[in-house]
Amino acid sequence: MGSARAALHPVRVDLMIRRKSITVCGYVVPIRYLNIGTTKYGEYDPNTKSIYLNTNKDAHWNNQVLFHELLHAIFDLTGIGEMLPPKVEHAIITALENHLWPLIKFLS
Ligand SMILES: [Zn+2]
């Protein structure tokens, strides 16, 4: 039973539509799919203004991860990120992600 479920998972990954970019705050933010190790699900790089989703994690197809990194992009592009220590920014964004994502899913 467990192996049958595991066998289905790659199909789900293959069927995912990988967005190449997303427009936010008037910027086209590229979305790149890379193996970025075993700890992070994704990352927003303010230097390249790009989002990286970790193909090493099953959740790289998960729009909730994209939503989290999108919030980092919004904080950067609006200048809010410069006002906050990175740990505080991440904590605020995690709270927003955890409480807004279920509402977005509910409303869509
Ligand atoms: Zn974060």
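Everything in this summary refers to the structure shown in the same document. (Residues numbered from 1 in each chain as written. Predicted model: local features only at pLDDT ≥ 70, side-chain atom pairs only at ≥ 80, totals over all residues.)

Structural notes on helix H3 (residues 86-107)
Threshold: By the criteria applied, helices consist of DSSP H or I runs no shorter than four residues and strands consist of E runs no shorter than two, each listed in order from the N terminus. Expected span of a helix: the number of residues minus one, times 1.5 Å. The bend reported for a residue corresponds to the angle between axes fitted to the seven residues ending at that residue and the seven starting there. Comment: burial labels come from other C-beta atoms within 10 Å of the residue's own C-beta, placed from the backbone, where a count of 20 or more is buried, 12 or fewer is exposed, and between is partly exposed.
In this model H3 runs 30 Å from its N-terminal to its C-terminal C-alpha over 22 residues, within 8% of the 32 Å that 1.5 Å per residue would give. At leucine 100, H3 shows its maximal kink, close to 30 degrees; a proline, proline 102, follows between one and four residues later. Counting buried positions over the 22 residues of H3 gives one, only a small fraction of the element.

Quick look at the sheet that holds strand E4 (residues 50-54)
To keep things clear, this is the line we draw: A pair of strands is labelled paired if DSSP reports no fewer than 2 bridges between them. To get an axis, fit a line to the C-alpha atoms, keeping to the stretch in contact for a helix; angles then go from 0 to 180 degrees between the N-to-C directions. With C-beta atoms placed from the backbone, a contact is any residue pair whose C-beta atoms sit within 7 Å.
Overall, mixed pairing links the four strands, which are arranged E1-E2-E4-E3 in an open sheet. Sheet topology places strand E1 (21-24) and strand E3 (42-45) at the edges, where each strand pairs with a single neighbour. This sheet shows a mean twist of 25 degrees between the axes of neighbouring strands, independent of strand direction. In the sheet, E3 pairs with E4 via four bridges, with the strands oriented antiparallel. Bridging from a neighbouring strand, glycine 42 pairs with leucine 53 of E4. Sitting on the sheet, helix H2 (residues 63-78) touches E1, strand E2 (27-34), E3 and E4, and the angle it makes with E3 is about 15 degrees.

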